[in-house]
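Per-entry structural report
Okay, here's what each chain looks like letter by letter:
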Number of protein chains: 8
Amino acid sequence: MSPDVLQELIAGWQRGDVEWSTVDARLRAAFAATVPAEDVLVDLDRDHRCGFPEVVFGVGKSSAAIVAVFAAQVTAGQNSLATRVSPEQAEAVCQAFPDAQSNSMARTVSLMRTPPKLQGRVVVVTAGTSDRPVAEEVIETARWMGCETDLVIDVGVAGPHRLIAQRERLQAGNAVVVVAGMEGALPSVVAGWVSVPVIAVPTSVGYGANLGGFAALLSMLNSCAANVAVVNIDAGFKGGYLAAMIARQSRL
Amino acid sequence: MSPDVLQELIAGWQRGDVEWSTVDARLRAAFAATVPAEDVLVDLDRDHRCGFPEVVFGVGKSSAAIVAVFAAQVTAGQNSLATRVSPEQAEAVCQAFPDAQSNSMARTVSLMRTPPKLQGRVVVVTAGTSDRPVAEEVIETARWMGCETDLVIDVGVAGPHRLIAQRERLQAGNAVVVVAGMEGALPSVVAGWVSVPVIAVPTSVGYGANLGGFAALLSMLNSCAANVAVVNIDAGFKGGYLAAMIARQSRL
Amino acid sequence: MSPDVLQELIAGWQRGDVEWSTVDARLRAAFAATVPAEDVLVDLDRDHRCGFPEVVFGVGKSSAAIVAVFAAQVTAGQNSLATRVSPEQAEAVCQAFPDAQSNSMARTVSLMRTPPKLQGRVVVVTAGTSDRPVAEEVIETARWMGCETDLVIDVGVAGPHRLIAQRERLQAGNAVVVVAGMEGALPSVVAGWVSVPVIAVPTSVGYGANLGGFAALLSMLNSCAANVAVVNIDAGFKGGYLAAMIARQSRL
Amino acid sequence: MSPDVLQELIAGWQRGDVEWSTVDARLRAAFAATVPAEDVLVDLDRDHRCGFPEVVFGVGKSSAAIVAVFAAQVTAGQNSLATRVSPEQAEAVCQAFPDAQSNSMARTVSLMRTPPKLQGRVVVVTAGTSDRPVAEEVIETARWMGCETDLVIDVGVAGPHRLIAQRERLQAGNAVVVVAGMEGALPSVVAGWVSVPVIAVPTSVGYGANLGGFAALLSMLNSCAANVAVVNIDAGFKGGYLAAMIARQSRL
Amino acid sequence: MSPDVLQELIAGWQRGDVEWSTVDARLRAAFAATVPAEDVLVDLDRDHRCGFPEVVFGVGKSSAAIVAVFAAQVTAGQNSLATRVSPEQAEAVCQAFPDAQSNSMARTVSLMRTPPKLQGRVVVVTAGTSDRPVAEEVIETARWMGCETDLVIDVGVAGPHRLIAQRERLQAGNAVVVVAGMEGALPSVVAGWVSVPVIAVPTSVGYGANLGGFAALLSMLNSCAANVAVVNIDAGFKGGYLAAMIARQSRL
Amino acid sequence: MSPDVLQELIAGWQRGDVEWSTVDARLRAAFAATVPAEDVLVDLDRDHRCGFPEVVFGVGKSSAAIVAVFAAQVTAGQNSLATRVSPEQAEAVCQAFPDAQSNSMARTVSLMRTPPKLQGRVVVVTAGTSDRPVAEEVIETARWMGCETDLVIDVGVAGPHRLIAQRERLQAGNAVVVVAGMEGALPSVVAGWVSVPVIAVPTSVGYGANLGGFAALLSMLNSCAANVAVVNIDAGFKGGYLAAMIARQSRL
Amino acid sequence: MSPDVLQELIAGWQRGDVEWSTVDARLRAAFAATVPAEDVLVDLDRDHRCGFPEVVFGVGKSSAAIVAVFAAQVTAGQNSLATRVSPEQAEAVCQAFPDAQSNSMARTVSLMRTPPKLQGRVVVVTAGTSDRPVAEEVIETARWMGCETDLVIDVGVAGPHRLIAQRERLQAGNAVVVVAGMEGALPSVVAGWVSVPVIAVPTSVGYGANLGGFAALLSMLNSCAANVAVVNIDAGFKGGYLAAMIARQSRL
Amino acid sequence: MSPDVLQELIAGWQRGDVEWSTVDARLRAAFAATVPAEDVLVDLDRDHRCGFPEVVFGVGKSSAAIVAVFAAQVTAGQNSLATRVSPEQAEAVCQAFPDAQSNSMARTVSLMRTPPKLQGRVVVVTAGTSDRPVAEEVIETARWMGCETDLVIDVGVAGPHRLIAQRERLQAGNAVVVVAGMEGALPSVVAGWVSVPVIAVPTSVGYGANLGGFAALLSMLNSCAANVAVVNIDAGFKGGYLAAMIARQSRL
């Protein structure tokens, strides 16, 4: 729905020429296609407003609902991404759309019939094996948004020579996402080697006094580096989304 | 110190041609000019590595030390910024450098003899009077880094028409910084109106169950909007630094 | 038991005409009918004192005990409601009372042989699919107490145009219940559009730094809107009870 | 500004007949009178939208700013209330408006040139001397909104006969506000004696494990009584506002 | 081992007449009989020092170990009690000692071949069905220590007439144990009706902001009544132990 | 007021022979003498119900109010105790009653014109200099209630020989109060040497991770000794009150 | 890789004689042998830098990956240790290396083809059965590093004579590790008997207010003894590692 | 008091030859010299048992008491150290003992008439100006115990080249103490460069979500490096004590 059409519609209602029920129906059709199964609404206008289609958060939704959202987006010529999907949900999507791609470690499933033009580069850094699933979610999100990605692993703070060896790869990104659990010190250290924004994603990896990732979260919020911002614990999607948004608008 | 000089120096030490004490002295001179008063070291190489000179965190430093850092930066042809300065610290700097500029609400003092080329626009949003000092720190930081800034005030979530009225100003930024205390809901609401990164700065404004800003911090970390990242409570400097870094590298 | 009878009984005991055991027995008969199965006592006088019969909290009770409470209330001519019931508990009640109504999403089962006169209107607002079960508990409670209800879904704070579109429905209530997890910002935003009390129900929906719903709870307690009060996390029953109490006594 | 005028204005802008700057200026004049001193904006339209004028939160504002807000409201024919004011702020208001009334215990100052029609009754209950200031803030707020108030003191849970003696006064309210610190048990006990909504206001009165009022807050949120909702710690204003809103719309 | 024997043994070692290994062996035999199965040591001297035999905490022990401890105590002419036992552990004990008594709700199993002389009375108060298992653990402990017990149920704070009706039973105890979850207000209310020590046992019954019983714990620690002390969450054994210790030494 | 008079009064009201205002006035006169200054009420019936007169909590009360309470108690032939009094409050009481006794370290002032018969012995144990004020409050309270007291100092857990040297003094009490800050380990250690109830009073002495006494509080609640109950942080009055209550009813 | 080789390699790259890809490959080969299965990297240079080979943290790794790490270490002539292994992981290692040793209580599996020279003695102290698994992890780690170990059990703080009886064994260590849950008081008490460093390992053993081991952790951090340092909750590996490091470098 | 004398004394008491009062008096004289002023006891035997004299914690003690402890230690031929002293306390000690040495930044005062033989080297590392006072307390403590010390400053994690430049100094210590606030990441990074124990001292330096040093504390407890143990927040004395204890017993 173009701004002009919207303005005329609202003006009509304001002048009394148009009933509210009519306005409601047209807005609903334009902005929020009702997907019949499971009463989920999908915001098809999001692509226009924000530059990317709505992303489905899989937890608590039925497989049928997710498939229905994907179908509505396909109809509208949009790409689709669902995060935190179970194996059953992923399989249901792949059966409905054989060209969908599932990443079981990242717990994502995506459908990209018209891939975005590649623009910008997101570098993802992680220290150990256990943080890998969150890092994969970062990567899947950034790729779906049209960024190149590079995953640098095994660069824990207690083995400093490893990080130094990867310095060039870190500096090649327009934005860096650091995924770390335990003491969450890696973002501060990485931030000292780069001159672009660092998005820190704390993970719930650890035990005891890590408080389900809260220790890493607090550590990252208190980083002595000026170029570190933080998202929620295990929020790989958010980390990837922000980094890709920054990278795509970068002229570097 | 150019990379070639550095490499030759280190190679010399590695071949045994140069004593470690010599290397140490030259690195110290190049990277960390010792400011005699108060034993503070200033990292004059930061400008080269990160694109911006080192910023002084005023808390716990003597006025003499801050003046000494500014003097060293002036000598090196760099700009200066100090945050969280007391009135006494600010006055000492302004007496030493009459062209320094002090913002008592932001608690900053800066010296910009060679202003950076203007590039990028940071929009700062805040709800009420009490969050203003943190917002001012955001603005001073972003300006010092060479960004245009726009401050939008009085757009609390409970008065929605006000925010809508400012929509155009919000959308004109390459990055938006939202400064909010109490329930910290404003970043989520603002994020729904823009398609650029939103940096959320929780403030300690509030009472009772706000837990010194922790309620706002948690709220922002749990934002349902994908384009919101968070910095520490009252961290106006960090919010401004990240937003300016994003805005300056933006091609929008 | 009428006040007169009660006063005479107590006065008799105070004068020494009546044994304590007699008083105890009569009070027990009047106020607390002993349900033999499972040693649960049901307070049949609650309806007289508070305007509504006692509501059964299903957790930790046997199906037989819940059926017994319903039976005692039926005998006393009262309506029945049980919350947080398991599918097994609900089925047991429905087998014993074929006219009972079970809502599996709300986890409630109710029996209304003499429905209350309809009075007042409670509007329930929620943002996403996951908060739906708590919202259903709100609705079942409010309906059982004799209020009209209206459920407004999909009005998250990050999609502001949706909320605006529903403004009229919000303003039609005598009380509004807002059910929200994650950052819990919705009550503040809704409160800006209505002039009636808003009861905020935080939910445990979210992950990481949401701390099992505590982030949303704190956010709601710190709301900058004056007309927001809060109940416990996931406490749909309480939210519905208070809103219905307010709506029923409203002359609007 | 009437709805018709507003609609025409916006429609004009949407049709391109009116510049945004014009719209902005007129909306600003109508909705938010700029008070020159201290850059505070006052929302004069609030009275129309919500039924009560905007209330000033005194913390962090200059005396001049508060006086300026009162003056703007007087000009608009509205009543004024400021909470959490210091003695200096209160005195400044009383000097500017000799008919203003200051309550130093409640930390409020108000100006009521056209008192609202009396409607509804709010009963305020508190246990001890230390909770009195918060209770006074409740009362000042409820009175300013046009409710009768009754303050019941010295009814701590550990002295049960006192509460019983006051039962009739409790039951005479359309809403009850219970102000309590320490273990915060009083709302649950009071709620058992009344059939109207109870608004619980936890206070920071206590020491050690009371955690600045958090112990009382948690206790109230977990109340086993169905008719208890909670506001922020020490939030006398909110408690009074909600209770008065309920009481004024009550037909009891 | 009598004090004289002990003193001579230690003096011998101090004079060098006795090897440490000998001392160790004799102390071990006297104070800590090694139970072969599972390497558990049982302190048979506890009965002499503290007035009661050692009580077995069942969690993390094998059934064989518990049976072995009971056997050692039987041999020494002592009574036995195990708490927090699983059904399997209880059954193993009952098979080994057919006169053992198991209480599945309390999760205890005991063996009392020489019951202590009855002395003192412990009254246990609880509000609802869910707190019952903890209350049963209180009772089993107090009975095992030789106290009469009385269990008063269904006296929640929100139904004040019920508590008043039980006043006489409360006042008949030498110590009162109040078991309560949710807001934990019951101990304060009960304490106002009695003049003996009240031991408060918070339970983990509740949801949301009850924080696994922490809300009740904090409430009880902040009780405005002077005669309330608190034990750990769900610590029925401790509550019963302390109350029985007080009751047995009481001359009332 | 004797029970008979009370019963007749209430019966009269129940029969309608007596106005509520009359009942209220007579109850007020009997149970709660209104002290004119500062609107404080004093419960003169407490002595009859609980065995001890009401104790004044000094925080937030004027000196005049405390003096007035003492005067009312003197008139009624009761003893007086005020805790947490400032030097000014203590001096005001001592000027009004020259035979009052003030303990500046304990922050108490008391007046005992008819000392209670000595009965029972409370032993108070503390580790270091900083916990002394809380220990003094314990002692003043226990003495005022008529118990002998013994203060054992300098028995920190890290110097075990000191505690052993004091074993006999510990075992001479009918109840032991252990006052400890920092890690709060002393109650567990003391409890192993005695066979009477141990009341643990955590103090806010310490720094860093002691969290204002919370570390000691948690430690005490988790004590592996069965005979330890806990009161609030710094709650010397409560610790002394409970111990004295236990000691006075002890037949040991 | 010797320092000389490393320096020449880097110097070559700095002079431009060597490509970065070559440097990277050689460093990778020298410092981090890529284990093909599961993409785990093993740092074979750790033995040279830190004195001990890398230890595998089993959680989240496949059995194949652990076997592969062991195989790489065997090839390099190094010993192997894996902690927190599941029974399946342990069995897979033992099948691959029949001379590997598994400790199911400690959840470790180790392979020591060239055992280190025995040096130093680590004493491990614990109070009860439930802390045993963590103590076993301490012992396995210290033994693998070449220390003698001694395990002292059943020395809870509430049974002080037991600890005294073991004094000589405690004093025979070069470092003492104290493993304790519940109130965590044991390290303070043990520290008073020895003059060597005490490493405190809090465990998650307990319930209710122990907060998953946090109560013990806080207690240990606040120890009044000067010679106590703390590691993470349940961190038996860390406790053993530090103690063995201290013991091996001790000349006592 | 020699062990022989002690054993004879106790044996005498055990045989009944010596009264307890005599034993008590002699032990008191030997182990705990009563310093008359302020009732502080000083443990003169500590030097014998633990290798170092007792250290005075200045908080809450009078200047006279500290002087008295120093005097008693001087008489006994022992050295003295007081920590956390105010300027007034330090001056009083220096007036009484002109050869005492005060460090106002470290808040210590010491008297070393017979300096210990130098043995071992403690390296102290810190990142910024604000952590300096805690680092000074570490140094004063380690020196007083007879260790060489080296203070490495300005090595924050975000400026990695600085730390690398100081590697040799780090590796020269027998133990390393890392003092850090904010995110507390420095200990993990330092631990990767050394093969000796690292004692981490979190400081309360920072703001907002640093929670008074708790963020740094949690970060250090969760360190991924195996050779890091932690002490309380701002506990410079403990950090220095443990490191010196390790360094003095080191044969490296």
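Residues numbered from 1 in each chain as written. Chains lettered and ligands numbered in written order. Predicted model: local features only at pLDDT ≥ 70, side-chain atom pairs only at ≥ 80, totals over all residues. Heavy atoms only, no water.

**Looking at the overall build of chain A**
As a reminder of what qualifies: Helix and strand labels come from DSSP, where a helix needs a run of H or I of at least four residues and a strand needs a run of E of at least two; each type is numbered from the N terminus. Partly exposed residues are those whose accessible area sits between 20% and 50% of the maximum for their type, while under 20% is buried and over 50% is exposed, using a 1.4 Å probe and protein chains only. The contact definition used throughout considers only heavy atoms, calling two residues in contact when any of these lie within 4.5 Å. Under the convention used here, a 1.4 Å probe and the Shrake-Rupley method define accessible areas, while residue burial counts only the protein chains that appear.
Within chain A one finds 11 helices and 11 strands. When burial is assessed residue by residue, chain A has 61% of its 252 residues classed as buried. Sequence separation of 24 or more characterises 65% of the internal contacts of chain A that already satisfy a separation of 6 or more. If you sum the accessible surface of chain A, you get close to 8,800 Å²; carbon and sulfur atoms cover 53% of it.

**A short note on the packing of helix H4 (residues 63-75) of chain H against helix H5 (residues 87-96) of chain H**
All names here are of chain H. The test is simple: Each axis is a line fitted through C-alpha atoms, and for a helix only the stretch in contact is used; angles between axes span 0 to 180 degrees, taken between their N-to-C directions. What sets the label is the angle itself: under 35 degrees gives roughly parallel, over 145 gives roughly antiparallel, 65 to 115 gives roughly perpendicular, and the rest give oblique. Each crossing gets its hand from how the near helix is turned against the far one by less than a right angle, where anticlockwise is left-handed and clockwise is right-handed. Residues are sorted three ways: Asp, Glu, Lys and Arg are charged, Ala, Val, Leu, Ile, Met, Phe, Trp, Tyr, Cys and Pro are nonpolar, and all the rest, Gly among them, are polar.
Their axes nearest at 9 Å, the elements H4 and H5 cross at an angle of 40°. Between H4 and H5, the angle is such that the two are oblique. Like other packed secondary-structure pairs, H4 and H5 cross with a definite hand, here right-handed. From H4, Ser63, Ile66, Val67 and Phe70 reach across to H5, where they touch Glu88, Gln89, Ala92, Val93 and Ala96. Classifying every residue of the contact of H4 with H5 gives six nonpolar, two polar and one charged.

**Digging into the sheet that holds strand S3 (residues 56-57) of chain E**
Residue and element names in this part refer to chain E. Which entries qualify depends on this criterion: When DSSP locates at least two bridges between a pair of strands, those strands are taken to pair.
Strand order in this open sheet of four strands is S3-S4-S6-S5, and the pairing throughout is mixed. Among the strands making up the open sheet, the edge pair consists of S3 and strand S5 (101-103). As defined by bridge partners, S5 adjoins strand S6 (residues 108-111) across three bridges and the pair is classed as antiparallel. Bridging from a neighbouring strand, Gln101 pairs with Ser110 of S6.

**Some remarks on helix H11 (residues 236-248) of chain E**
As a reminder of what qualifies: Multiplying 1.5 Å by the residue count of a helix minus one yields the expected span of that helix.
If you check H11 of chain E, its first and last C-alpha atoms are 18 Å apart, about what 13 residues at 1.5 Å a residue would give, namely 18 Å. Extensive coverage of H11 of chain E is indicated by the burial of 13 of its 13 residues.

**Considering the pairing of strand S10 (residues 198-202) of chain D**
Residue and element names in this part refer to chain D. Here is the rule: For the handedness criterion, the strands are oriented away from the viewer, and a crossover whose path from the first strand over the helix to the second runs clockwise is classed as right-handed.
With five of its five residues buried, S10 lies for the most part within the structure. Alternating residues of S10 divide into Val198, Ala200 and Pro202 and Ile199 and Val201, and every residue in both groups is buried. Looking at chain direction, strand S9 (residues 175-180) and S10 are connected through five bridges and run parallel. The residue of S10 that forms the bridge with Val177 is Ile199. With helix H9 (residues 186-191) bridging S9 and its parallel neighbour S10, the resulting β-α-β unit is right-handed. Sheet topology places S10 next to strand S11 (residues 228-230); three bridges connect them, and they run parallel. Paired with Val198 across the bridge in S11 is Val228. Read from S10 through helix H10 (residues 214-221) to S11, the crossover connection turns out right-handed.

**A few points about the domain arrangement of chain A**
All names here are of chain A. How we decide: Marked domain ranges trace back to an automatic or database domain assignment. A simple way to read buried area is as the amount of 1.4 Å-probe accessible surface that goes missing from two parts once joined, with both sides added. One speaks of a salt bridge when a side-chain nitrogen belonging to Lys or Arg is within 4 Å of a carboxyl oxygen belonging to Asp or Glu. Counted as a polar contact is a pair of N or O atoms within 3.5 Å, where, for protein atoms, one must be capable of donating a hydrogen and the other of accepting one, and residues adjacent in sequence contribute only when both atoms are in side chains.
Each assigned domain of chain A is listed with its residue range as follows: domain 1 (32-111) and domain 2 (121-250). Put simply, the middle of domain 1 and the middle of domain 2, counted by C-alpha atoms, are 26 Å apart. Between domain 1 and domain 2, the contact holds 14 residues from the first and 13 residues from the second. Carbon and sulfur atoms make up 67% of the area that domain 1 and domain 2 hide from each other, which totals about 1,200 Å². Where domain 1 packs against domain 2, one counts zero salt bridges. Across the contact surface, domain 1 and domain 2 share four residue pairs in polar contact (both at pLDDT 80 or more). For the side of domain 1 that touches domain 2, a count of residues per class yields seven nonpolar, six polar and one charged.

**Quick notes on the sheet that holds strand S5 (residues 101-103) of chain F**
Residues and elements named next belong to chain F. Pairing in this open sheet of four strands is mixed, and the strands run S3-S4-S6-S5 from one edge to the other. The open sheet has two edge strands with one neighbour each: strand S3 (56-57) and S5. Looking at chain direction, strand S4 (residues 80-83) and strand S6 (residues 108-111) are connected through three bridges and run antiparallel. Bridge assignment links Ser80 to a residue of S6, and that residue is Leu111. Most of the contacts of helix H4 (residues 63-75) go to S4, to which it runs at about 160°, and overall it touches S3, S4 and S6.

**Thoughts on the interface of chain A and chain B**
The interface of chain A with chain B comprises 34 residues on the first partner and 34 residues on the second. Of the roughly 2,800 Å² buried between chain A and chain B on both sides combined, carbon and sulfur atoms contribute 59%. Taken as a group, Leu221, Gln249 and Arg251 of chain A account for 25% of the area that chain A buries against chain B, more than any other trio of residues on that side. At the surface where chain A touches chain B, the tally comes to zero salt bridges. Of all elements in the fold, only helix H3 (46-50), helix H10 (214-221), strand S11 (228-230) and helix H11 (236-248) of chain A reach the threshold of two or more residues within the side of chain A that touches chain B. The class makeup of the residues in the side of chain A that touches chain B is 20 nonpolar, 10 polar and four charged.

**What about unusual backbone geometry?**
Residues and elements named next belong to chain G. For Asp234, which is not glycine, the phi torsion reads 65° and is therefore positive. Relative to the assigned elements, Asp234 resides in the loop between strand S11 (228-230) and helix H11 (236-248). Judged by relative accessible area, which is 18%, Asp234 ranks as buried.

**Here's the deal with the pairing of strand S8 (residues 148-152) of chain B**
Residues and elements named next belong to chain B. Burial within S8 is extensive, with four of its five residues counted as buried. Sheet topology places strand S7 (residues 121-126) next to S8; five bridges connect them, and they run parallel. By the bridge assignment for S8, Val123 is matched with Asp150. On the question of chirality, the crossover connecting S7 to the parallel S8 by way of helix H6 (residues 132-144) is right-handed.

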